[in-house]
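Secondary and tertiary structure notes
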Amino acid sequence: MKFPLALAVLSLAAVEPVLAQQTAQSGICGADNLPEMIEGFFQLTTGLGIVGLAVVWQADSLIEMFTLNPDQKKGLKRHKRSAMKSAVVLVILGPLYTVAGSMMGLPLAQCVDLVPW
């Protein structure tokens, strides 16, 4: 008597997370245009981030040409490095989420491709 009851409880506990994950995945992936909107937003922000990097890099380089103070030049170089690190993180974040999310079984990673290229 105890064994069938324990087996039934164990099977319910094992199946329930899978059903919840499938429901979440169908909710996100099944929504009208939601995956495409998320992909488009990520591609737009990544593109704007890269354009922002180019603008900041060129502006810092221009200011650096007319700066005579060595401390200001160091600050500008530090700012350029910081902008470059931010752009690298922005470009790497989408593919990293896509790969890691697929491996972890996250519902959004199954239907949204966040690779910006």
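Rules used in this analysis
- Residues numbered from 1 in each chain as written.
- Predicted model: local features only at pLDDT ≥ 70, side-chain atom pairs only at ≥ 80, totals over all residues.
- Heavy atoms only, no water.
- Salt bridge = Lys/Arg side-chain N within 4 Å of Asp/Glu carboxyl O.
- Helix = DSSP H or I, 4+ residues; strand = E, 2+ residues; numbered from the N terminus.
- Buried < 20%, exposed > 50% of the residue type's maximum accessible area, 1.4 Å probe, protein only.
- Contact = heavy atoms within 4.5 Å.
- Polar contact = N/O pair within 3.5 Å; in protein donor to acceptor, adjacent residues only side chain to side chain.
- Patch = residues over 30% accessible without salt bridge, like charges linked within 9 Å, V, L, I, M, F, W, Y side chains within 5 Å.
- Areas by Shrake-Rupley, 256 points an atom, 1.4 Å probe, with all protein chains shown as cover.
- Lys, Arg positive; Asp, Glu negative; His and termini not counted.
- Charge placed at Lys NZ, Arg CZ, Asp CG, Glu CD.
- Expected span 1.5 Å × (residues − 1).
- Bend = angle between axes of the 7 residues up to and from the residue.

Inspection of every chain in the model, using the stated rule, returns two salt bridges. Put simply, Glu 64 and Lys 77 hold a salt bridge, and the shortest N to O gap is 3.9 Å. Placement of the pair is Glu 64 in helix 2 (residues 34–65) and Lys 77 in helix 3 (residues 70–104), with a sequence separation of 13 residues. The class of Lys 77 is partly exposed, set by a relative accessible area of 44%. A cluster of three or more residues bridged by salt bridges with shared partners is formed by Glu 64, Lys 77 and Lys 80.

Bringing the side chain of Thr 98 into the picture now. Here Thr 98 shows up in helix 3. The exposure class assigned to Thr 98 is buried, which follows from its relative accessible area of 14%. The contact partners of Thr 98, leaving out residues within four places of it in the chain, are Ala 109, Val 112, Asp 113, Leu 114 and Val 115.

Structurally, the position occupied by Lys 80 is in helix 3. Looking at Lys 80, its side chain comes within polar contact range of the side chain of Glu 64, at 3.4 Å. The residues contacting Lys 80, other than those within four sequence positions of it, are Trp 57, Asp 60, Ser 61 and Glu 64.

A few words on the environment of Leu 76. Its place among the elements puts Leu 76 in helix 3. Residues Leu 76 and Glu 64, spaced twelve residues apart in sequence, show a C-alpha to C-alpha distance of 6.8 Å. If near-sequence neighbours (up to four positions away) are discounted, Leu 76 is found in contact with Asp 60, Ile 63, Glu 64 and Thr 67.

Residues Lys 74, Arg 78, Arg 81 and Lys 85 make up a contiguous surface patch of positive charge. Position of Arg 81 relative to the elements: it lies in helix 3.

Structurally, Leu 93 is set in helix 3. Considered as a pair, Leu 93 and Thr 46 are 47 residues apart in the sequence and their alpha carbons are 9.7 Å apart.

Attention now goes to helix 3. For helix 3, built from 35 residues, the straight-helix expectation of 51 Å at 1.5 Å per residue is met to within 8% by its first-to-last C-alpha distance of 49 Å. If you look at helix 3, its biggest bend is around 30°, right at Leu 93, and the proline Pro 95 turns up within four residues after that. Among the residues of helix 3, Leu 76, Lys 80, Ala 83, Ala 87, Gly 94, Pro 95, Thr 98 and Gly 101 are the ones counted as buried. Looking at the packing, one finds that the buried side of helix 3 touches helix 2 and helix 4 (107–111).

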